[in-house]
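Observations on the model geometry
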Amino acid sequence: MKFNTKAIHAGQQPEPTSGAVMPPIFQTSTYAQAGPNNHQGYDYARAGNPTRTALEKLIAGLEGADECACFSSGVAAMDALLKMLRPGDHVIATNDLYGGTYRLFTQVFQPFGIDFSFVDMTNLSLIRQSLNTSTKMIWIETPTNPLLRIVDIHALSDIARDHGALSIVDNTFASPYLQRPLELGADAVLHSATKYLAGHSDVIHGAVASSNSTIIEQLRFQVKSTGAVPGPMDCYLTLRGIKTLAVRVERSVSNTKVITQWLEDHPKVGHVNYPGLVSHPQHQLACDQMDDFGAMLSFTLSDDTQEAATAFMARTRYFTLAESLGGVESLISHPASMTHGSIPKEVREEAGLKDSLIRISVGIEDVEDLLADLDDAFS
Ligand SMILES: *Cc1c(COP(=O)(O)O)cnc(C)c1O
């Protein structure tokens, strides 16, 4: 089965009692048992729910994984994965990381004795130097947020495996339509399904997919034991969103290519970050590991101040100023004060995150209207 067919059919069967083509929203907390521990695979809805199962099979299919576990948010999915670690363990992570991930690492898990190194992952020798005998995970985000750098998933998965560590890829920015990390050797792939998978900015949802039996077992244990599970309605919304993933992403990507070319030629723009541009330092790597370059971009202004960025964003009409990404509508944000506000200024600047940096999540609107809107905001 190819990707577009999987998005509609992977793990999906008509519901057996009624023939419903879409999985019903099983709004129940518990399930009748024929006798003690004699049930049809479901005993209590914290551990499992048929609407959730249909979604998990679909995401597993898209990522080419044996299994998937869904969570109430992307950070809950990360939290469950990190609970595989024990005090003294060490994690190497991308230095250009989603702000909420950075906060989870440094403010929740570090106080429990987990060590984190934040490394420029475009430099493989820096990764090798950061490994130590306690390193248990290499945590990869690619394209990175908000600088859209590309990290070599294949090479890093090899480094992790040789070291006996797990490679985890946050695939939120690319979506499985554009990048499938498990095919490149990663041990687990995680999503803030809030973004491209659900795709309509109407639900918070997370997922981890893997074919590694230790990881799958641990995730099932966490689902049952720590219980950050999504409700059936949220599972239904995410599942519904995924059916159109390919067409949404395709349109957003084609809009993004037009917008990035236009921005690159604009006199008031400093630098445009987009892996699809030949000027991007890892353009070739992006061609190798992605099917296309995504619909996230960021750029600085030639007037590199927070004030200039704020003034620009206040003038756009179709680009709504908001956190988040991956929905059908275009969003604009200022990472230094919004998504990455929890990262100290020195750390931000060291990673190259400038004060005027503006991030855009390109939606599926008509590109002529989006260009006209940006043009007005510059004038
Ligand atoms: C949004 C996001 C998360 C967190 O997911 P939530 O669903 O908001 O909890 C993690 N990683 C990336 C790259 C994100 O964009």
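Residues numbered from 1 in each chain as written. Predicted model: local features only at pLDDT ≥ 70, side-chain atom pairs only at ≥ 80, totals over all residues. Heavy atoms only, no water.

For the pair helix α9 (residues 245–264) and helix α13 (residues 367–378), interaxial distance at closest approach is 10 Å and the crossing angle is 30°. As judged from the angle between their axes, α9 and α13 are roughly parallel. Remark: the crossing between α9 and α13 carries right-handed chirality. Of the residues in α13, those in contact with Asn255, Val258, Ile259, Trp262 and Leu263 of α9 are Val367, Leu370, Leu371, Leu374, Asp375 and Phe378. Among the residues making up the contact of α9 with α13, the classes are represented as 9 nonpolar, 1 polar and 1 charged. (Axes fitted to C-alpha atoms, helices over the stretch in contact; angles between N-to-C directions. Helix = DSSP H or I, 4+ residues; strand = E, 2+ residues; numbered from the N terminus. Parallel < 35°, antiparallel > 145°, perpendicular 65-115°, else oblique. Left-handed = near helix turned anticlockwise from the far one by under 90°. Contact = heavy atoms within 4.5 Å. Nonpolar A, V, L, I, M, F, W, Y, C, P; charged D, E, K, R; others polar.)

Two elements in contact, helix α3 (residues 74–82) and helix α4 (residues 99–109), have axes separated by 11 Å at closest approach and are oriented at 45°. Regarding the angle of α3 to α4, the classification is oblique. For the crossing formed where α3 meets α4, the hand is right-handed. Between α3 and α4, the contacting residues are Val75, Met78, Asp79 and Leu82 on the first element and Thr101, Leu104, Phe105 and Phe109 on the second. For the contact of α3 with α4, the residue count by class is 6 nonpolar, 1 polar and 1 charged.

Lining the immediate surroundings of the ligand are 13 residues, of which Gly74, Asp170, Ser192, Thr194 and Lys195 lie closest. In this structure, threonine 194 approaches the ligand through a side-chain N or O atom, which is 2.7 Å from an oxygen atom. Contact with the protein chains covers 94% of the free accessible surface of the ligand, which is 380 Å². Broken down by element, the shell around the ligand gets its largest block of residues, 3 residues, from α3. Looking at the shell around the ligand residue by residue, the classes come out as 5 nonpolar, 6 polar and 2 charged. (Near = heavy atom within 4 Å. Polar contact = N/O pair within 3.5 Å; in protein donor to acceptor, adjacent residues only side chain to side chain. Areas by Shrake-Rupley, 256 points an atom, 1.4 Å probe, with all protein chains shown as cover.)

Turning next to unusual backbone geometry. Leaving glycine aside, a negative phi is the common case for residues, and trans is the common case for peptide bonds. The omega angle of the peptide bond from threonine 142 to proline 143 is -5°, so this bond is cis rather than trans. As for its placement among the helices and strands, proline 143 is situated in the loop between β4 (135–141) and α6 (153–163). Backbone torsion omega between asparagine 145 and proline 146 reads 5°, so that peptide bond is classified as cis. At serine 175, a residue that is not glycine, the phi angle is positive and equals roughly 70°. Within the secondary structure, serine 175 sits in the loop between β5 (166–170) and β6 (188–192). Residues other than glycine seldom take positive phi values, yet serine 201 does so here, at roughly 50°. In this fold, serine 201 is placed in the loop between β6 and β7 (206–210).

With that settled, consider the sheet that holds β4. Read across the sheet, 7 strands follow the order β1-β7-β6-β5-β4-β2-β3 without closing on themselves; strand pairing throughout is mixed. Every interior strand has two partners, whereas the edge strands, β1 (67–71) and β3 (115–119), have only one. Each neighbouring strand pair of the sheet contributes to a mean axis angle of 20°, computed without reference to strand direction. Pairing geometry for β6 and β7, over 5 bridges, is antiparallel. Residue leucine 190 lies in a different strand from β7, and its bridge partner there is valine 208. Helix-sheet contacts for helix α7 (residues 213–226) involve β1, β5, β6 and β7, and the interaxial angle to β1 is about 30°. (Pairing = 2+ DSSP bridges.)

With that settled, consider the environment of isoleucine 332. Within the secondary structure layout, isoleucine 332 lies in strand β11 (residues 331–333). Overall, the relative accessible area of 0% leaves isoleucine 332 in the buried class. Ignoring anything within four residues of it in the chain, the contact list for isoleucine 332 reads Phe312, Met313, Thr316, Phe319, Thr320, Leu321, Ala322, Ile358, Arg359 and Ile360. (Buried < 20%, exposed > 50% of the residue type's maximum accessible area, 1.4 Å probe, protein only.)

Counting buried positions along helix α8 (residues 232–242) yields 8 of 11 residues, so the element is predominantly enclosed. Restricting attention to buried positions, one finds in α8 the residues Pro232, Cys235, Tyr236, Leu237, Thr238, Leu239, Gly241 and Ile242. As for α8, its buried residues are in contact with α1 (3–9), α2 (50–63) and α9.

All right, on to the sheet that holds strand β8 (residues 269–273) then. Taken in spatial order, the 5 strands line up as β8-β9-β12-β11-β10 in an open sheet, and their pairing is mixed. Every interior strand has two partners, whereas the edge strands, β8 and β10 (320–321), have only one. Running at roughly 15° to strand β9 (residues 296–301), α9 makes contact with β8 and β9 of the sheet.

Here we take up the nonpolar core. By size, the foremost hydrophobic cluster in this structure holds 79 residues, and its most contacted members are Ile138, Ile259, Phe299, Phe312, Ile358 and Ile360. No fewer than three residues from each of domain 1 (3–242) and domain 2 (245–378) sit in this core. Those residues in contact with isoleucine 138 that lie beyond four places of it in its chain are Ile92, Met121, Ile127, Leu131, Leu156, Ile159, Ala160, Leu166, Ser167 and Ile168. In this structure, Ala93, Leu97, Phe109 and Trp139 belong to the second largest nonpolar core, which totals 29 residues. (Core = buried A, V, L, I, M, F, W, Y, C linked by side-chain atoms within 4.5 Å. Domains from an automatic or database assignment.)

Looking now at the domain arrangement of the protein. Size of an interface: often given as the accessible area lost when the parts come together. The domain architecture assigned to the protein consists of domain 1 (3–242) and domain 2 (245–378). One C-alpha centre belongs to domain 1, the other to domain 2; they are set 26 Å apart. Contacts between the two partners involve 41 residues from domain 1, matched on the other side by 40 residues from domain 2. With both sides pooled, the region where domain 1 packs onto domain 2 buries about 3300 Å², and carbon together with sulfur makes up 60% of that total. Along the contact surface separating domain 1 from domain 2 lie 1 salt bridge. In this structure, the salt-bridge partner of arginine 180 is aspartate 291, at a minimum N-O distance of 2.8 Å. On inspection of domain 1 and its partner domain 2, the count reaches 15 residue pairs in polar contact (both at pLDDT 80 or more). Every element with two or more residues in the side of domain 1 that touches domain 2 is listed here: α1, α4, α6 and α8. Examining the composition of the side of domain 1 that touches domain 2, we find that 3 residues originate from one element, α4, more than from any other. (Buried area = accessible area lost by both parts, 1.4 Å probe. Salt bridge = Lys/Arg side-chain N within 4 Å of Asp/Glu carboxyl O.)

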